[in-house]
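Listed below, chain by chain, are the residues.
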Amino acid sequence: MIQRPRGTRDFLPEEMERRRHYEQILRQVACSHGFREVSTPIFENTELFTAKSGPNIVEEIYSFEDKGGREIALRPEVTASVIRMFINEMTSAPRPLKLFYFGQCFRYERPQSGRYREFYQFGAEIIGAPNAETDAEAIALAAAMVEALGLREYDLKVGHIGILRGQLAELGVPADAAGEILQKLDKKLYDEAAPLLRSHGVQEDGIESVFATTQVAGGKELLSEIGGEPGRYLNELFRFLDAYGIDDVAIDLGTVRGLDYYTGVVFEVEAPCLGAEKQVCGGGSYTLSEVFGGEPVFSTGFAIGFDRILLALEREEHAFDGKKLDAYVLPTGEETREESFRIAARLRREGLSVDVDLMRRKMSKAMKQAAATGARFAVIVGSKDLAEGAVTIRDMDSGEQSLVPLEGLAKALSA
Ligand code: HAM
C-alpha cells in the first residue's frame, strides 16, 4: 500500500461537503465587503519567498530545482504572490485593490493536530489605501468571517509591530537583524532572544525593556498609554473599529507574527479550544512591494487557517448537515429501466440533484441504496404507472407514497 506523504490529508465526500459549505460562507462574506477573488500559482520562483525572509526560510518550505534548473518553491503563504501579481499586472488598477484568495499552502513543519504540511488558507489583502481605516477594514472582514462561520469562543488581539521594531532600532539592533529576534519573541522564546540581543550590544536593561513591551496586554484603556506614532495610529484604528461595531478587541503588544514583512498594525484571532495551535487567523500591514522591485505601497491583510478554524468548529460541536440529493430514480423492473434514465436526465435538466440505479439492482435492493444516498425522495418507475403518464414518489423520511403525473414531477420533488 502506498501511503500519503506526512502532513497531508485526504478528504472524503462528507468532509468535502463540509469544507465547501464553510468555504462558501467565507466567499460570501468577502464579496459582501467588496473584495474580489484572485488565484496565483501554487509554485513560484523560490526567490519570491527568500527575498524578504532570507535564505534560511528554505529550511521551512518545499523548494526544489525543476528540470530546467530553476529554483522553485511550493508557496508557504499567498501574500507574497499577491504582491508579485500586483506589481506584474495591477499597478494601474483603481485603488484600493481589495482581493481575496483560497487555496493550498505548504510548509515543511512537524505535523501535529492543527498543523499540516499541506493546509489551506482563506486570505485577503488590501493594497494602496494608506490609512488606519484600511487596517480596520481588514480586521472587520476577519471578524465578520469568524462570526459568519459561527465560532463561539475566540479572542481577537491587536498590536503594532512598529513599537518593537522602533525599540530595537533605538537599542542599536540593525534592521536586518530584527527579524530573527522578533521571531523568537513571537514564540516567547526569551532565552533565545536574549543572547541575540546581547550579540548586538544591547545591555540588560534594554533587553528587559524589550521583553516588557511584549508583555503589555489588556483592554482599550491601554490606548492612552501607548506613545509615539504607533500609539497615535492605534488610537485612530480603534475609533474605526468602534464605528464598525467591533469592540471585543484586546490590545497585545506581544503580537509579533512569524513572518518577517510586517511593519505596522498586526492582529491575530485565537480559538482557545484548540490548545497549542490555537491561532486561526493572523495578519497585519506589511512592506513587500519595494522588496520585489515595485513602488512603495501600503498593504494590509490576513489569512484564516481554514483547516484550523474548521477544527475549532468541530471542537465546539457545530452540527453540519450535508446537502441531500433531491431524488433517487429506480425502475421496478427491466422493462422500465431505460425510462428511468430518461426521467433522471429530465429532472437533472430541470435543476434537481438526482441519482439513478447503475447496478441493475432488484427493486428492494435499489430502495435500500436510495436510503443510503440520503435522497429525500425515491422515484419509482413502474410500467403500470407509466401507462398513465405517472410515477410513484416515496418520501424517504415518512415512507409516504403518492402517484405524481410526469409533467408535475420536478415540482412535486422540490416542494
Ligand atoms: P500566518 O500566520 O503564517 O500568516 O498563517 C495564517 C494562518 O494559517 C495561521 O494563523 C494558521 O491558522 C494557519 N496556518 C499556518 N501554518 C499552518 C500549518 N502548518 N497547518 C495549518 N494551518 C496553518 C500568513 O500566512 C500571512 N500571509 C497572512 C497575511 C496576509 N498577512 C498579511 N496578509
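Counting from 1, residues in each chain are numbered in the order their sequence is written. A pLDDT threshold of at least 70 governs which residues receive local features in this predicted model, and a stricter bar of 80 or more applies before side-chain atom pairs are shown or counted, although totals over entire chains, interfaces and linings include all residues. Neither water nor hydrogens contribute to the side-chain values; these are computed over all heavy atoms in the structure.

## Topic: the overall build of the chain
Okay, so step 1: Only runs of H or I of at least four residues qualify as helices and only runs of E of at least two qualify as strands under DSSP, and these elements are numbered from the N terminus. When helices and strands are tallied, the chain shows 14 helices and 17 strands.
Okay, so step 2: Here the C-alpha radius of gyration of the chain, 28 Å, is well above what a compact globule of 415 residues would show, namely 22 Å.
Okay, so step 3: A principal-axis box enclosing the C-alpha atoms of the chain has dimensions of 95 × 55 × 45 Å.
Okay, so step 4: Contact definition: two residues touch when any of their heavy atoms are within 4.5 Å. Nonlocal contacts in the chain, meaning residues at least 24 apart in sequence, comprise 69% of its contacts between residues at least 6 apart.
Okay, so step 5: Counted as positive: Lys and Arg. Counted as negative: Asp and Glu, with His and the chain ends omitted from the count. Charged side chains are reduced to one point each, which is NZ for Lys, CZ for Arg, CG for Asp and CD for Glu. Separation of charge centres in the chain, based on 49 positive and 66 negative side chains, amounts to 7 Å. For the radius of gyration, the atom set is restricted to C-alpha positions; the globular benchmark scales as 2.2 Å times the number of residues to the power 0.38.

## Details of the layout of surface pockets
Okay, so step 1: Two kinds of site are reported from a 1 Å grid over the protein atoms alone, namely cavities, where a 1.4 Å probe fits but cannot get out, and pockets, open sets with protein on both sides within 12 Å along at least five of seven lines, and residues are called lining when an atom falls within 4 Å of a point. Grid points are joined across faces, edges and corners, and a volume is the space filled by probe spheres set on the points. Of the pockets and cavities examined, the second largest pocket occupies roughly 500 Å³.
Okay, so step 2: Elements supplying a minimum of two residues to the lining of the second largest pocket: helix H2 (47-53) and helix H6 (175-186).
Okay, so step 3: It is H6 that contributes the most residues to the lining of the second largest pocket, 7 residues altogether.

## Describing the pattern of salt bridges
Okay, so step 1: The salt bridge criterion pairs a side-chain nitrogen of Lys or Arg with a carboxyl oxygen of Asp or Glu, the two atoms within 4 Å. Taken as a whole and assessed by the stated rule, the structure comprises 29 salt bridges.
Okay, so step 2: A salt bridge links glutamate 314 to arginine 18; the shortest N-O distance between them is 3.7 Å. You can see glutamate 314 sitting in helix H10 (residues 306-315) and its partner arginine 18 sitting in helix H1 (residues 13-32), a full 296 residues away along the chain.
Okay, so step 3: Here the salt bridges do not stand alone but share partners, grouping Lys157, Asp252, Arg257, Glu268, Glu270 and Lys278 into one network.

## Section: empty space enclosed by the protein
Okay, so step 1: The tally for this structure, following the rule as stated, stands at 2 cavities of 30 Å³ or more.
Okay, so step 2: Looking at the largest cavity, its volume works out to about 90 Å³.
Okay, so step 3: Every residue along the wall of the largest cavity is listed here: Leu48, Phe49, Lys52, Ser53, Ile57, Pro76, Glu77, Ala80, Leu259, Tyr261 and Leu288.
Okay, so step 4: A total of 4 residues in the lining of the largest cavity trace back to one element, the largest contributor, which is H2.
Okay, so step 5: Considered class by class, the residues forming the lining of the largest cavity number 8 nonpolar, 1 polar and 2 charged.
Okay, so step 6: In this structure, the second largest cavity occupies an estimated 50 Å³ of space.
Okay, so step 7: Sorting the residues of the lining of the second largest cavity by element identifies helix H5 (161-170) and H6 as the ones contributing at least two each. Side-chain classes follow a simple rule in which Ala, Val, Leu, Ile, Met, Phe, Trp, Tyr, Cys and Pro form the nonpolar group, Asp, Glu, Lys and Arg form the charged group, and the remainder, Gly included, forms the polar group.

## Quick look at a negative patch on the surface
Okay, so step 1: Patch construction takes residues with relative accessible area above 30% that form no salt bridge. Like charges are linked within 9 Å, and nonpolar side chains (Val, Leu, Ile, Met, Phe, Trp, Tyr) are linked within 5 Å. Each accessible area is a Shrake-Rupley estimate made with a 1.4 Å probe; only the visible protein chains count as cover when residues are assessed. A cluster of acidic side chains, namely Glu153, Asp155, Asp242, Asp247 and Asp248, defines a negative patch on the protein surface.
Okay, so step 2: Its place among the elements puts aspartate 155 in strand E7 (residues 155-160).

## Remarks on the site of the ligand
Okay, so step 1: Here a residue is near a molecule or strand as soon as one of its heavy atoms is found within 4 Å of it. Within the structure, the ligand sits among 27 residues, and Glu77, Glu109, Glu125, Tyr262 and Gln279 are positioned closest to it.
Okay, so step 2: N or O atoms closer than or at 3.5 Å make up a polar contact, with two conditions inside protein: a donor-capable atom paired with an acceptor-capable one, and, for residues adjacent in sequence, both atoms drawn from side chains. Tyrosine 262 has a polar side-chain atom sitting 2.6 Å from a nitrogen atom of the ligand.
Okay, so step 3: In the model, an oxygen atom of the ligand is placed 2.7 Å from a nitrogen or oxygen of the glutamine 279 side chain.
Okay, so step 4: Elements with a minimum of two residues in the shell around the ligand: strand E6 (118-127), strand E11 (279-286) and strand E12 (299-305).
Okay, so step 5: The class makeup of the residues in the shell around the ligand is 11 nonpolar, 9 polar and 7 charged.

## Let's talk about the pairing of strand E17 (residues 401-405)
Okay, so step 1: Should DSSP find at least two bridges between two strands, the strands are taken to pair. Relative to E17, strand E16 (residues 390-395) runs antiparallel, the two sharing 5 bridges. Its bridge partner being in E17, isoleucine 393 is matched across the sheet by serine 402.
Okay, so step 2: Counted along the chain from E16 to the antiparallel partner E17, the turn is 5 residues long, and its residue glycine 399 has a positive phi close to 80°.

## Some words on helix H7 (residues 190-199)
Owing to its 3.6 residues per turn, the α-helix brings residues three or four apart onto one side.
Okay, so step 1: All buried positions along H7 are accounted for by Tyr190, Ala193, Ala194, Leu196 and Leu197.
Okay, so step 2: The secondary structure elements touched by the buried residues of H7 are H5, H6 and helix H8 (204-214).
Okay, so step 3: In the stretch just after H7, glycine 201 is the one whose phi turns positive, near 80°. Only protein chains enter the accessibility calculation, which uses a 1.4 Å probe. A residue is then buried if its area is under 20% of the maximum for its type, exposed if over 50%, and partly exposed in between.

## With respect to the domain arrangement of the chain
Okay, so step 1: According to the domain assignment, the chain contains domain 1 (13-315) and domain 2 (327-414).
Okay, so step 2: Where each domain starts and ends comes from a domain assignment, either automatic or drawn from a database. Computed from C-alpha coordinates alone, the two centres of domain 1 and domain 2 are separated by 52 Å.

## Topic: the nonpolar core
Grouped burial of nonpolar side chains is what soluble globular proteins tend to show.
Okay, so step 1: Counting 101 residues, the largest nonpolar core has Met145, Val158, Leu185, Phe211, Leu237 and Phe302 as its most contacted members.
Okay, so step 2: Here this core takes 11 residues from helix H4 (residues 132-149), the largest share from any one element.
Okay, so step 3: Look past the residues within four positions of leucine 185 in its chain and what remains in contact with it is Leu164, Tyr190, Ala193, Val210, Phe211, Thr214 and Val256.
Okay, so step 4: Val354, Phe377, Val379 and Val391 belong to the second-largest nonpolar core, a separate cluster that totals 18 residues. Take the buried Ala, Val, Leu, Ile, Met, Phe, Trp, Tyr and Cys residues and link them wherever side-chain atoms come within 4.5 Å; each set so joined is a nonpolar core.

## Some details on the sheet that holds E16
Each strand in a sheet pairs with another by means of backbone hydrogen bonds, the pair being arranged parallel or else antiparallel.
Okay, so step 1: Ordered in space as E14-E13-E15-E16-E17, the 5 strands form an open sheet in which the pairing is mixed. Pairing within the sheet leaves two strands with one partner each, and these edge strands are strand E14 (354-356) and E17. Each strand of the sheet is rotated relative to its neighbour by a mean of 30°, with strand direction disregarded.
Okay, so step 2: Axis geometry follows a simple rule: fit a line to the C-alpha atoms, using only the stretch in contact for helices, then measure angles between N-to-C directions, giving values from 0 to 180 degrees. Running at roughly 165° to E14, helix H11 (residues 337-349) makes contact with strand E13 (327-331), E14, strand E15 (377-381) and E16 of the sheet.
Okay, so step 3: Across the sheet, helix H12 (residues 363-373) touches E13, E14, E15 and E16, and the angle it forms with E13 is around 170°.

## Observations concerning the packing of aromatic side chains
Okay, so step 1: Aromatic rings from Phe, Tyr and Trp, taking only the six-membered ring of Trp, are treated as a pair when their centres fall within 6.5 Å; an angle between ring planes under 30 degrees marks them as stacked, one over 60 as edge-to-face, and anything in between as tilted. One pass over the structure, following the stated rule, counts 11 aromatic pairs.
Okay, so step 2: Here tyrosine 22 and phenylalanine 320 contribute two aromatic rings whose centre-to-centre distance is 6.3 Å and whose plane-to-plane angle is 45°, an arrangement assigned as tilted. A residue pair is termed long-range when its members are at least 10 positions apart, and tyrosine 22 in helix H1 and phenylalanine 320 in the loop between H10 and E13 qualify at 298 residues.
Okay, so step 3: For tyrosine 22, a relative accessible area of 4% corresponds to the buried category.
Okay, so step 4: Centroid distance tyrosine 190 to phenylalanine 211: 4.6 Å. Interplanar angle 55°. Geometry classified as tilted. A residue pair is termed long-range when its members are at least 10 positions apart, and tyrosine 190 in helix H7 and phenylalanine 211 in helix H8 qualify at 21 residues. An identical accessibility class is assigned to tyrosine 190 and phenylalanine 211; each is buried.
Okay, so step 5: An aromatic cluster is built from Phe11, Phe100, Phe102, Tyr120, Phe122 and Phe306, whose rings are joined through pairwise contacts.
Okay, so step 6: Positioned over the ring face of phenylalanine 11 is arginine 19, at 3.9 Å from the centre of the ring. Think of it as a cone above the ring: NZ of Lys or CZ of Arg counts as a charge over the ring if it is within 6 Å of the ring centre and within 35 degrees of the ring normal.

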